[in-house]
Amino acid sequence: MEQVMGLLLGTLQLFFPLIVMSAITFVLGLILRSWLWMLASAVLIYPDAWYLGATPAFPWAIYVPLIPVFVALWLFLLNKRDKKAS
């Protein structure tokens, strides 16, 4: 796992692009009310959260990807309930 994160964040220099893309997909998921965009946001922010969570200054950062996962679960259940009602 460390080799993959080293490739993404070190060699390819994707630290800030992953944060930006995660924020864009998070906002897009909220606008479209799409749980798939929210899960994409969680996947995109995971390498950055893993990297920051390993530092002593930000041990709580590893839990940041859970926010889009919980919102995705909420949107999934909301869409399921709306389809059932109609």
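Bear in mind that the values here come from a model prediction, so they are computed numbers and not experimental data. Throughout this description, residue numbers start from 1 for each chain and increase along the sequence as written. Residues qualify for local features only when their pLDDT is at least 70, as the model is predicted, and side-chain atom pairs are given and counted only at 80 or more; totals for whole chains, interfaces and linings, by contrast, use all residues. Excluding hydrogens and water, the side-chain figures rest on all heavy atoms present in the structure.

Caption draft 1: Expanded view of the packing of helix α1 (residues 2–11) against helix α3 (residues 35–53). Following both chains from N to C, one finds α1 and α3 inclined at 105 degrees, their axes separated by 11 Å at the closest point. Here α1 lies roughly perpendicular to α3, going by the angle between them. On α3, the residues that touch Glu2, Met5, Leu8 and Leu9 of α1 are Tyr46, Pro47, Asp48, Trp50 and Tyr51. Residue type decides the class: Asp, Glu, Lys and Arg count as charged, Ala, Val, Leu, Ile, Met, Phe, Trp, Tyr, Cys and Pro as nonpolar, and the leftover types, Gly among them, as polar. Tallied by class, residues from the contact of α1 with α3 come to seven nonpolar, no polar and two charged. Here an axis means a line fitted to C-alpha atoms, over the contact stretch when the element is a helix, while the angle between two N-to-C directions is reported on a 0 to 180 degree scale. Secondary structure elements are defined from DSSP: runs of H or I of at least 4 residues count as helices, runs of E of at least 2 residues count as strands, and each element is numbered from the N terminus. Reported orientations rely on four angle classes, namely roughly parallel under 35 degrees, roughly antiparallel over 145, roughly perpendicular from 65 to 115, and oblique for the rest. Here a residue-residue contact requires only that any non-hydrogen atoms of the pair lie within 4.5 Å.

Caption draft 2: Spatial organisation of a nonpolar patch on the surface. A cluster of nonpolar side chains, Trp35, Leu36, Leu39, Phe58, Trp60, Tyr63, Leu66, Val69, Phe70, Leu73, Phe76 and Leu77, forms an exposed patch at the surface whose accessible area comes to about 1,200 Å². With six residues, helix α4 (residues 66–85) is the single largest residue contributor to the nonpolar patch. Mapped onto the elements, Leu77 comes out in helix α4. Under the relative-accessibility criterion, Leu77 is labelled partly exposed at 48%. Every patch collects residues that have over 30% relative accessible area and no salt bridge, joining them within 9 Å if they carry like charges and within 5 Å if they are nonpolar side chains (Val, Leu, Ile, Met, Phe, Trp, Tyr). All accessibility values rest on the Shrake-Rupley procedure with a 1.4 Å probe; residue burial counts only the protein chains present in the view. By definition, a salt bridge exists where a carboxyl oxygen of Asp or Glu is found within 4 Å of a side-chain nitrogen of Lys or Arg. Burial here depends on accessible area, computed with a 1.4 Å probe over protein chains only, as a share of the maximum for the residue type. Under 20% is buried, over 50% is exposed, and the range in between is partly exposed.

Structural measurements only, silent on function.
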